[in-house]
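What the coordinates show
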Amino acid sequence: MSAEALTRRPIRPHKRARFQWLTYLLLLLAAVFFLLPVYLVLVTSLKVPSEINLASTWQLPSHWNWGSYATAWQAFAPKLRNSLFLAVVATAASALMGSMNGYILSKWRFPGANIVFPLMLFGMFIPYQSILIPLFQFLRDIGLYGSLWGLILTHVVYGLPITTLIFRNFYAEIPDEMIEAARIDGAGFFGIYSRIVFPLSISGFVVVIIWQFTQIWNEFLFAVTLTRQSTQPITVALAQLAGGEAVNWNLPMAGAVLAALPTLIIYIVLGRYFIRGLLAGSVKG
Amino acid sequence: MKLTRDRVTAILMLLPTVVLLAIFVYGFIGRTFYVSLSNWGQDQTQALALHPKLKFVGFKNYSDLFTSFLETRFRQDLVNTFFFTVLFLAGCLGLGLGLAVLLDRNVKGEGLFRTIFLFPFALAFIVTGTIWRWMLQPQGGINILPTLIGLPRIRFGWLTSRVQVLRFDWNALPFALGLVIAIALALLAWRGYRRGRGLGPTLAAVGASLALLWTLTLGRTSHPLPYRELHGFNLAFIGIIIAAVWQMSGYTMALYLAGLRGIPEELREAARVDGASEWQLYRHVILPLLGPISLSAMIILGHISLKIFDLVFAMTGPDNAPTDVPALLMYLRSFRANQFAQGAAIAMVLLVMVAAVIVPYLYTSLRGEVRR
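Residue indices begin from 1 for each chain and proceed along its sequence in written order. Following the order in which they are written, the chains are lettered starting with A and the ligands numbered starting with 1. Selection of residues for local features in this predicted model requires a pLDDT of at least 70, selection of side-chain atom pairs for listing and counting requires 80 or more, and totals for whole chains, interfaces and linings are taken over all residues.

Description of the overall build of chain B
- Counting its secondary structure elements, chain B contains 15 helices and two strands.
- Along the first, second and third principal axes, the C-alpha set of chain B runs to 75 × 75 × 55 Å.
- Exposure classes come from backbone-placed C-beta atoms, where a residue is buried if 20 or more other C-beta atoms lie within 10 Å of its own, exposed if 12 or fewer do, and partly exposed in between. Split into buried and exposed, the 372 residues of chain B put 41% on the buried side.
- Of all intrachain contacts in chain B linking residues separated by at least 6 positions in sequence, the fraction that spans at least 24 positions is 71%. Secondary structure elements follow DSSP: runs of H or I of four or more residues count as helices, runs of E of two or more count as strands, with numbering from the N terminus. The contact criterion used here is simple: two residues whose C-beta atoms, placed from the backbone, lie within 7 Å are in contact.

Written as structure tokens, this is what we have:
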């Protein structure tokens with residue numbers, strides 16, 4: 001299933017104009033449901049703390065207080081840097097390894113692959129609670145507990161099933177004849193990968209990178225159990241700030257915007273690839 | 001198949017991934033299972049040791065979870081997960097299908113609507129939770145929204161409510177479960193006989209009779225607890241379900257929309273020529289064709305909802321008992337209370353629930369692939 005399938009409009013000889021106003025009404029109502037929280041977040045984040053009370057929640061601020069963002073930025077900048085470093089490194093590593101795995105699993109079928117591949121895939125569905133205690137012990141034993149590198153290693157390993165799956169399905173589209181022809185020309189395992197497969201992988205990489213970056217940026221369970229104060233990613237910092245009782249709500253709201261912006265921008269700019277990733281991440285083949 | 005040098009290289013290049021996943025997935029699951037059979041945490045002198053001496057206690061941690069009066073919270077967590085999953089699935093599939101059908105009716109600005117419905121999927125559950133926690137404050141947010149157009153305000157304590165509905169006795173579960181299994185097997189057998197396929201239906205029929213027999217005899221008197229213990233649906237979950245549906249229904253819409261776009265126009269035309277009304281067209285032609293999509297959406301969303309953790313953490317904090325779930329309890333037991341053995345047992349129960357959903361899914365979708 002591809003994103004094109006979702007965006008292409010079918011030809012409709014019969015336009016059904018009856019009830020079309022109802023269609024728009026329902027769509028608008030749904031759009032309000034989806035956008036109300038956005039309005040509330042923006043409005044709250046732009047109020048001064050003294051102006052935020054529950055009764056006037058929905059009113060616009062009397063004057064725009066951009067200070068919330070400055071304060072939130074100050075508090076969150078190191079955490080955002082952690083998240084960025086974590087997401088970039090772990091995404092790059094898991095994408096590269098996934099590409100190699102996908103190439104092998106789609107073009108170098110070997111006996112037993114039909115058993116190995118599903119066993120690999122199962123790893124992306126498990127509740128990570130079921131590996132968390134040994135993982136915690138393991139990282140502590142090798143001295144990576146609390147460091148970003150421990151979290152990176154974790155995300156690379158548990159990212160491998162999905163990156164492998166997406167690349168495997170992606171490379172299945174490359175005709176085997178092309179590989180065969182290159183082999184007759186004398187290209188070996190790495191030659192075929194670097195001269196034929198890799199150059200054709202650009203959009204595959206875009207899909208995988210977007211997917212992995214979003215997942216890792218948004219992840220919480222590993223982040224909250226495997227890091228210390230100084231290595232916290234943004235999700236943990238935001239949960240802590242919002243979880244505190246005596247807090248001015250403009251700060252968590254501004255923080256939520258900061259935490260959401262990177263993945264939102266990716267979604268809006270590269271939506272096509274984003275959708276392709278989410279279809280690939282759920283529906284096999 | 002010849003073992004060329006290239007083929008050996010290929011296997012060697014795949015090896016790191018295979019080894020890593022073998023250790024980090026299967027090795028670690030095995031280790032968690034081992035921990036769940038131990039007493040790690042109960043012996044305070046060993047709880048925080050770097051390499052604690054573990055004593056083997058068999059399945060005690062598991063039987064405690066289901067029958068000890070100290071573990072009421074875990075049983076309520078299972079009930080919470082059940083209701084959360086059912087309502088979350090119903091919300092996502094209903095809203096997702098509705099939006100997809102609406103968008104498929106040749107609307108202007110379809111791309112914009114699609115972007116609006118799908119953007120929450122790009123957010124972290126933590127972000128969604130933070131936002132909706134503010135939306136659902138008892139004295140503000142959603143509750144005073146009606147006052148903007150002159151209606152009385154809502155007085156529901158979204159996340160703080162302590163009200164429990166649909167209560168039932170935990171001791172009634174063996175009987176109820178036995179009955180459900182018997183009915184499911186009987187249905188399976190009936191469907192199998194109508195298609196007339198081999199040994200399967202007979203086996204299912206035998207299974208159904210055995211389940212029914214057990215339910216009506218032992219099942220009626222088998223009580224896991226020596227006293228009545230009431231569980232039910234905590235209304236405090238409604239807000240969390242709304243937030244979860246807000247985040248995930250756009251994704252369901254995308255799945256359905258891709259499915260709708262895959263149905264050839266000729267098929268719809270043919271149905272219309274045959275005199276089908278728009279309603280009949282959807283009821284008898286389009287919805288049946290979307291069946292497989294509903295199934296995979298249910299599996300993907302279902303396994304997410306069984307594992308739900310971050311959203312609850314962000315909306316009510318980790319310590320709010322009425323909105324607790326097993327994934328959260330595992331975290332608290334293991335990493336706050338250092339009761340690692342209990343945490344591991346909860347994790348294994350969670351794994352079994354997820355595997356029951358995912359393994360058949362992987363099996364059927366990959367088997368279909370090989371055949372193709």
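A few points about the interface of chain A and chain B
- Each partner contributes to the interface: chain A provides 82 residues, whereas chain B provides 85 residues.
- Broken down by element, the side of chain A that touches chain B gets its largest block of residues, 12 residues, from helix α2 (residues 20-45) of chain A.
- Split into classes, the residues belonging to the side of chain A that touches chain B amount to 58 nonpolar, 19 polar and five charged. In this classification, the charged set is Asp, Glu, Lys and Arg, the nonpolar set is Ala, Val, Leu, Ile, Met, Phe, Trp, Tyr, Cys and Pro, and all remaining amino acids, among them Gly, are polar.

Regarding the packing of helix α3 (residues 67-107) of chain A against helix α12 (residues 250-269) of chain A
All names here are of chain A.
- Geometry is summarised by axes, namely lines fitted to C-alpha atoms with helices restricted to the contacting stretch, and by angles between N-to-C directions that run from 0 to 180 degrees. At their nearest, the axes of α3 and α12 sit 9 Å apart, and the two run at 55° to each other. With respect to each other, α3 and α12 are oriented oblique. Here α3 and α12 pass one another in a crossing that is right-handed. From α3, S68, Y69, T71, A72, W73, F76 and L80 reach across to α12, where they touch N250, L251, A254, G255 and L258.
- Split into classes, the residues belonging to the contact of α3 with α12 amount to eight nonpolar, four polar and no charged. Reported orientations rely on four angle classes, namely roughly parallel under 35 degrees, roughly antiparallel over 145, roughly perpendicular from 65 to 115, and oblique for the rest. In this scheme, a crossing is called left-handed if the near helix is turned counterclockwise away from the far one by less than a right angle; it is called right-handed if the turn is clockwise.

Looking at the packing of α2 of chain A against α12 of chain A
Residue and element names in this part refer to chain A.
- Two elements in contact, α2 and α12, have axes separated by 8 Å at closest approach and are oriented at 125°. Judged on the interaxial angle alone, α12 and α2 are oblique. Where α2 crosses over α12, the handedness of that crossing is left-handed. On α12, the residues that touch V41, T44 and S45 of α2 are N250, M253, A254, A256 and V257.

Brief notes about the pairing of strand β1 (residues 164-169) of chain B
Residue and element names in this part refer to chain B.
- Little of β1 is tucked away: zero of the six residues are buried.
- Here, a strand pair is defined by DSSP locating no fewer than two bridges between the strands. Of the strand pairs in this sheet, β1 and strand β2 (residues 230-234) are connected by four bridges, and their pairing is antiparallel. Bridged to V165 within β2 is F233.

Topic: the environment of S94 of chain A
Residues and elements named next belong to chain A.
- By the secondary structure assignment, S94 is in helix α3.
- Taking the C-alpha atoms as reference points, S94 and V208, 114 residues apart in sequence, are found 9.0 Å from one another.
- Those residues in contact with S94, other than ones at most four positions away along the chain, are V156, G159, L160, T163 and Q212.

Topic: the environment of G200 of chain B
Residue and element names in this part refer to chain B.
- Its place among the elements puts G200 in helix α8 (residues 200-221).
- G200 sits in the partly exposed class, given 14 other C-beta atoms within 10 Å.
- C-alpha separation for the pair G200 and L289, spaced 89 residues apart in sequence, amounts to 26 Å.

Overview of the confidence of the model for chain B
- Summarising the model, chain B shows a mean pLDDT of 86, and 95% of its residues fall at 70 or more.
- When mean pLDDT is taken per element in chain B, helix α4 (residues 72-103) of chain B scores highest with 93 and helix α2 (residues 44-47) of chain B scores lowest with 65. pLDDT measures how confident the predictor is about each residue, on a scale from 0 to 100.

Remarks on the confidence of the model for chain A
- Looking at chain A, pLDDT values average 86 and 89% of them are 70 or higher.
- Here helix α1 (residues 3-7) of chain A is the element of chain A with the lowest mean pLDDT, 51, and helix α10 (residues 221-226) of chain A is the one with the highest, 94.

Quick look at unusual backbone geometry
All names here are of chain B.
- A positive phi angle, near 60°, is found at N106, a position not held by glycine.
- Mapped onto the fold, N106 is located in the loop between α4 and α5 (110-118).
- Overall, the presence of 15 C-beta atoms within 10 Å leaves N106 in the partly exposed class.
- Positive phi is not limited to glycine here, since N338 has a value of about 55°.
- Looking at the secondary structure, you find N338 in the loop between α14 (326-336) and α15 (340-371).
- Its 16 C-beta neighbours within 10 Å are what place N338 among the partly exposed residues.

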